[in-house]
Amino acid sequence: MWNHVDRATIDGSVLDLYERDGIHMIRVNGWELMNGECHDSEDVLGKLAATLSPNPQPQILLGGLGLGYTLASLIANLEKEAAITVAEVSEDVLRWFKRYTGPTLFEALPAYVRLAHCNVTTLLGAEPTWDLIVLDVDNGPQPLATRENATLYDEIGLKACWTSLKPSGILMVWSSFEDPAFEERARSVGFSVRVLPISIAGRPGPFHHIFVLSRDPLDRFRSMSIDMKIK
């Protein structure tokens, strides 16, 4: 049985933190947003981001801290020369991470990781800053936790990501569903688009998806071996 630990509000939405046997879960307005019992696809997202990094010493913007599993995977798969900025809009989620989930993942956060209490959009500027932008904010390219997240996925938000990425930069979006309209918007602002399905052994059809949007053509995928199956 899940035990209710804490509650917070953000932009009219209600966030609830639950715990069971040392594992945590966050719900938004009653809908499961993330669950520490099943974080394999977040692990894949972090590993894939590290694999696709166009720079051996990348500047990475991670949108959404959540329970911390995507961040942990990034750290495990990147060289220490990387610099990671995590944008988390909820001060309560940051507090939950520091008190409950973070200590189970890290003895201490590496010095090259910065946790920022802000919306992702505030870190998208007019100059190319980021090698990678990784969005693990909602359940896909539609707002769930806050209405303001809609600007991440519309044409204006995609253009802001494009401008903020370095010439060979990549934007990645974790999703529980496919979204052809989002793909079309991304192509309209100049991104090359690939959607990678994440599958689970023994289960038909994709489990989750990762949108990979690149400023460069995605030709290098043809020569890469990427395991997108959860064992």
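Summary of the structure given here. (Residues numbered from 1 in each chain as written. Predicted model: local features only at pLDDT ≥ 70, side-chain atom pairs only at ≥ 80, totals over all residues. Heavy atoms only, no water.)

1. Considering the pairing of strand β4 (residues 31–35)
The side chains of a regular strand alternate between the sheet's two faces. Taken together, the 4 bridges between strand β3 (residues 23–28) and β4 define a ladder with antiparallel strand orientation. Within the sheet, the bridge partner assigned to Ile 26 lies in β4 and is Met 34. (Pairing = 2+ DSSP bridges. Helix = DSSP H or I, 4+ residues; strand = E, 2+ residues; numbered from the N terminus.)

2. Some remarks on the side chain of Glu 88
With respect to the helices, strands and loops of the structure, Glu 88 is situated in strand β6 (residues 83–88). Buried within the structure, Glu 88 lacks any salt-bridge partner; its nearest side chain of opposite charge belongs to Lys 98, at an N-O separation of 11 Å. Beyond its immediate sequence surroundings of up to four residues, Glu 88 is in contact with Gly 64, Leu 65, Gly 66, Val 93, Leu 94, Ala 116, His 117 and Cys 118. (Buried < 20%, exposed > 50% of the residue type's maximum accessible area, 1.4 Å probe, protein only. Lys, Arg positive; Asp, Glu negative; His and termini not counted. Salt bridge = Lys/Arg side-chain N within 4 Å of Asp/Glu carboxyl O. Contact = heavy atoms within 4.5 Å.)

3. Some words on the pairing of strand β2 (residues 13–20)
For strand β1 (residues 3–10) and β2, the ladder comprises 7 bridges, and the chain directions are antiparallel. Across the sheet, Asn 3 pairs through a bridge with Glu 19, a residue of β2. Here β1 folds back onto β2 in antiparallel fashion, the turn holding 2 residues, of which Asp 11 has a positive phi close to 50°. Sheet topology note: the β2/β3 ladder contains 6 bridges and is antiparallel. Bridge pairing links Leu 17 to Ile 26 in β3.

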